[in-house]
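# Understanding the architecture of this molecule
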Amino acid sequence: MSLLPLLLAGPSVAAQTPAPVTESAPLTPLPDELVLEGDNIIAVMVNGTPLRLEVDADSFGAPVINSEAATRLQLVAETRRGWRFGSFAVEGMSAGVALDFGGGPMMMPISWAERFASRKADGVTGVHNLPYKRVTFVLSPPVDGETIQRFPMTRSGSQGDTRLGTEVVVGKKKLAMIFALRRAENLITAPTANFIATHQEGGFEPGTEGTAIMNFAVERRTRMMRIAEPIILGDLALTRFAVRVDDYGDPKRVGEIGANDPRFDKSQILVSRRKGRGRPDLLTRLGRDQIAHCSRITYDLALSEIRLSCGPAPD
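An account of the accompanying structure is given in this report. Computed from a predicted structure; not experimentally measured. (Residues numbered from 1 in each chain as written. Predicted model: local features only at pLDDT ≥ 70, side-chain atom pairs only at ≥ 80, totals over all residues. Heavy atoms only, no water.)

## With respect to the sheet that holds strand 23 (residues 305–310)
Neighbouring strands of a sheet are bound in pairs by backbone hydrogen bonds; such pairs are parallel or else antiparallel. Taken in spatial order, the five strands of this open sheet run 3-11-22-23-12, and their pairing is mixed. Whereas interior strands pair on both sides, the edge strands pair on one side only; in this sheet they are strand 3 (33–36) and strand 12 (147–152). Averaged over all neighbouring strand pairs, the angle between strand axes comes to 15 degrees, with direction disregarded. Direction of pairing for strand 22 (residues 294–300) relative to strand 23: antiparallel, over a ladder of six bridges. The residue of strand 23 that forms the bridge with Cys294 is Cys310. (Pairing = 2+ DSSP bridges. Helix = DSSP H or I, 4+ residues; strand = E, 2+ residues; numbered from the N terminus. Axes fitted to C-alpha atoms, helices over the stretch in contact; angles between N-to-C directions.)

## A closer look at the side chain of Asp122
Structurally, the position occupied by Asp122 is in the loop between strand 9 (105–113) and strand 10 (123–125). Only 3.1 Å separates the side chain of Asp122 from the side chain of Arg72, close enough to count as a polar contact. Apart from the residues within four sequence positions on either side, Asp122 is in contact with Leu51, Arg52, Leu53, Ile65, Asn66, Glu68, Ala69 and Arg72. (Polar contact = N/O pair within 3.5 Å; in protein donor to acceptor, adjacent residues only side chain to side chain. Contact = heavy atoms within 4.5 Å.)

## Section: the nonpolar core
Core analysis: the largest hydrophobic core is formed by 61 residues, its most contacted members being Ile65, Phe137, Phe179, Met225, Ile231 and Tyr299. The residues touching Ile231, leaving out its near neighbours within four places in the chain, are Val168, Val170, Leu175, Met177, Ile196, Gln200, Leu236, Ala237, Leu238 and Phe241. Listed in part, the 14 residues of the second largest apolar core include Val90, Ala117, Ala212 and Ala242. (Core = buried A, V, L, I, M, F, W, Y, C linked by side-chain atoms within 4.5 Å. Buried < 20%, exposed > 50% of the residue type's maximum accessible area, 1.4 Å probe, protein only.)

What follows is the structure, given as structure tokens:
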């Protein structure tokens, strides 16, 4: 779900880092950890009005609310804001608000557009906006023999478009790995597919055309790419990616997987002579299928670490 923000001209919005509202001290301290399961919805106060927000590990930048909620709050736009999905753009607005997660109001920007940000709640926020030391998503019941995988947490994007993830080196570049818990498949753009395919020997699988549902319910056409040399992230072996074939370029260097393709014959020794070209965004979203054997994921903002609790990896 490669969402590239489009910032449009207009007055400045408050910085992404929340600033405390000094005239309203917290009544009770927040717990160190927020544990989420099910719809991952939390109750907040925005300018003194109660709202419900989905917490999404893949969400970046300021919280985004539905236009109905912005109308109810009587928000006055301070700047224009946009989100680009290849050739398709969603235009919106932003304003500074007092947002209270339960420990007292903090000033931060909030955005909205005419298209729904959430069908389950009043809006969506990313983990990076939350004032907790740890945020844990419960994915499934734990199983015997689970182990903990630890990844250094990275913050990518500009200050106003922060996203949380980790990194893995492919070739001479670092790929940003973002856990996208609301989707099944791993997702990349066409330029990143070109880059990965030329380093890890990838090709499109026949008959795997599909559709990726992006933020604001934007639909983008995809094809499934498989790579002969997995990308290794801890105990995770990444081999399949849904590629957004219409966005930000043409995946012309991916090619097709033929019958009895020698690249996928484990008895063959691969020597690739292809060289990566173009300017990939180097962003990979890891879907739920990739971590289907994991019961929970924790974002430890105090230690700057992402932890996965997982059972035995599938063969």
